[in-house]
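What follows is each chain in one-letter form.
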Amino acid sequence: MKKVLLLLVMAVAAFSASAQITWNAKGGLGVAHCWGDSEGLKSHFVGKIGAGIEKPFTSNWSLMPSLELAWKGCKIGNEVTLDVLYLQIPIMAAYRLNLNDSWNMTLKAGPYLAFGVYGKYKFQNGEGSVNAFGSEGGGKRFDLGLDLGVDFEYHRYVFGVEYELGFLPIAKGENVHNGAFYATVGYKF
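Computed from a prediction, not measured in an experiment: that's the story for all the values here.

A. Unusual backbone geometry, seen in detail. Even without being a glycine, His155 presents a positive backbone phi close to 55°. Mapped onto the fold, His155 is located in the loop between strand S8 (142-154) and strand S9 (157-166).

This is the structure:
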């Protein structure tokens, strides 16, 4: 984990050394769900916060790596809620369209890599909770997926929507994956 963070810091420093880098911060609320072969999977409310940079390559194309804390999970029937907090790194390719003098629209897509830092199965019938990444929970800490989004920029303010689709199963022996939809608000520095 330390090597990944060191590599990320070095990559951000290398990007920052060139001109035209902008920094941003964002947060959002949304709905997470799990999808796959399991029955009774339902969505629940989640959120995320993060910061990143934007490195333009042309007047329209740019690269947008970020570091985020993203809350995901699902409800399993009416008895169990899975809450998982991921530290994730999305790397988005973005295409910006100038709508008028004040507004831009950005279409973005790219992979994300996530590491689960917290996870709990909470039981509604009073039986307590189980660590999702422990031996009883059987959860996998790593996730890899696709992040898709649309942002609308008004000067330095950014309003957007994002959808994250996980490719890796979230538990051993299960074909269940993460999915999450977020509405975000941000600011470009």
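There's plenty left to go through after this.
B. Structural detail: the pairing of strand S5 (residues 80-98). With 14 bridges connecting them, strand S4 (residues 61-76) and S5 associate as antiparallel partners. Paired with Glu68 across the bridge in S5 is Gln88. In sequence, S4 turns back onto S5 through a hairpin of three residues, with Gly77 there showing a positive phi of about 65°. In this sheet, strand S6 (residues 103-123) lies alongside S5 in antiparallel orientation, the contact comprising 17 bridges. Note on S6: the bridge partner recorded for Val80 is Phe123. Here S5 folds back onto S6 in antiparallel fashion, the turn holding four residues.

Rules and cut-offs
- Residues numbered from 1 in each chain as written.
- Predicted model: local features only at pLDDT ≥ 70, side-chain atom pairs only at ≥ 80, totals over all residues.
- Heavy atoms only, no water.
- Helix = DSSP H or I, 4+ residues; strand = E, 2+ residues; numbered from the N terminus.
- Pairing = 2+ DSSP bridges.

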